Amino acid sequence: EHLIKSALSLSRNTHRLNEEAVQLNNLGIVYRQKGNLIDAENVFAKALSIDKKLGSPEGKAYDLRNLGINFFLRNDLELAQRTLEEALRLSREIGNQYNEVQTLVALGTLFERKTPTISLELFREATEKALILKIPEATWQSYFGQGRIQQSLGRVQEAQTLYANAISIAQELTRRGDVGS
């Protein structure tokens with residue numbers, strides 16, 4: 001957190017708005033991981049404001065994804081859905097496949113509670129794209145999400161296979177020392 005705040009201060013002092021928005025997102029993720037959703041939302045909103053001012057669709061897509069996840073975590077599911085769908089639309093429009101995959105995973109998790117069939121489709125799409133793009137973090141998360149849904153639908157064998165795929169990828173990430181896994 002300290003290093004991110006230092007980088008944020010440097011970006012402000014050098015008037016590098018793009019870098020300021022990036023560091024605000026990083027700080028928001030740290031706040032969110034600590035469970036401080038209010039501060040996270042505030043810095044994500046500041047980043048979105050900067051990216052709108054800069055006319056940066058890529059920045060806006062990341063900001064919207066982060067805000068949508070935050071809204072989900074504070075249980076504002078309607079706002080989370082609208083925000084994540086906008087992030088997905090924008091990511092697809094500009095061809096940002098990485099953010100598209102991460103947003104599909106977030107939407108899959110959101111729909112898991114209310115419409116498992118839609119959630120399953122979102123996780124499947126995320127898995128396909130994550131495999132092609134070689135994004136192992138999103139791959140294991142989307143396999144795991146599919147497994148949860150298959151298990152809830154009583155499809156135990158399908159769930160076991162999906163869980164095994166997810167665990168295999170997560171274990172490989174752990175062996176590589178990827179702490180984000």
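Quick note: structure is the one above.
Now for a quick tour of the structure. (Residues numbered from 1 in each chain as written. Predicted model: local features only at pLDDT ≥ 70, side-chain atom pairs only at ≥ 80, totals over all residues. Heavy atoms only, no water.)

Overview of the overall build of the protein chain
Right, so step 1: Counting secondary structure elements, the protein chain contains nine helices and zero strands.
Right, so step 2: Counting from the amino terminus, helix and strand elements in the protein chain follow one another as α-α-α-α-α-α-α-α-α.
Right, so step 3: Its C-alpha radius of gyration of 17 Å places the protein chain within 12% of the 16 Å reference for a compact globule of 181 residues.
Right, so step 4: With respect to the three principal axes, the spread of C-alpha positions in the protein chain is 55 × 35 × 30 Å.
Right, so step 5: Residue pairs at least 24 apart in sequence account for 48% of intrachain contacts in the protein chain once pairs closer than 6 positions are excluded.
Right, so step 6: Put simply, the protein chain shows about 9700 Å² of open surface, and 52% of that area lies on carbon and sulfur atoms.
Right, so step 7: Positive and negative side-chain charges of the protein chain, numbering 23 and 22 respectively, have mean locations separated by a distance of 2 Å. (Helix = DSSP H or I, 4+ residues; strand = E, 2+ residues; numbered from the N terminus. Rg over C-alpha atoms; globule rule 2.2 N^0.38 Å. Contact = heavy atoms within 4.5 Å. Areas by Shrake-Rupley, 256 points an atom, 1.4 Å probe, with all protein chains shown as cover. Lys, Arg positive; Asp, Glu negative; His and termini not counted. Charge placed at Lys NZ, Arg CZ, Asp CG, Glu CD.)

With respect to the nonpolar core
Right, so step 1: Among the nonpolar cores identified, the biggest contains 38 residues, and Leu84, Leu107, Leu110 and Ala138 are the most heavily contacted of them.
Right, so step 2: Per-element accounting of this core gives the leading share, seven residues, to helix H6 (residues 97–114).
Right, so step 3: With residues near it in sequence (within four places) discarded, Leu110 still touches Phe72, Leu77, Ala80, Gln81 and Leu84.
Right, so step 4: Counting residues in each nonpolar core, the second largest holds seven residues, with Trp140, Tyr143, Ile169 and Ala170 among its members. (Core = buried A, V, L, I, M, F, W, Y, C linked by side-chain atoms within 4.5 Å. Buried < 20%, exposed > 50% of the residue type's maximum accessible area, 1.4 Å probe, protein only.)

Observations regarding the side chain of Asp51
Right, so step 1: Take Asp51: it is sitting in helix H3 (residues 37–54).
Right, so step 2: For the buried residue Asp51, which engages in no salt bridge, the nearest side chain bearing the opposite charge is Lys60, 9.3 Å off. (Salt bridge = Lys/Arg side-chain N within 4 Å of Asp/Glu carboxyl O.)

Some remarks on the layout of surface pockets
Right, so step 1: Put simply, the largest pocket is a space of about 1000 Å³.
Right, so step 2: If you trace the largest pocket, you find 31 residues lining it, with Ile29, Arg32, Arg65, Asn66 and Gln102 closest to the centre.
Right, so step 3: The set of elements that each furnish at least two residues to the lining of the largest pocket consists of helix H2 (17–33), helix H4 (57–73), H6 and helix H8 (136–152).
Right, so step 4: Considering each element in turn, the lining of the largest pocket owes the most residues, nine residues, to H4. (1 Å grid on protein atoms, 1.4 Å probe; cavity = no way out; pocket = protein on both sides within 12 Å on 5 of 7 lines; lining within 4 Å. Points joined across faces, edges and corners; volume = space filled by probe spheres on them.)

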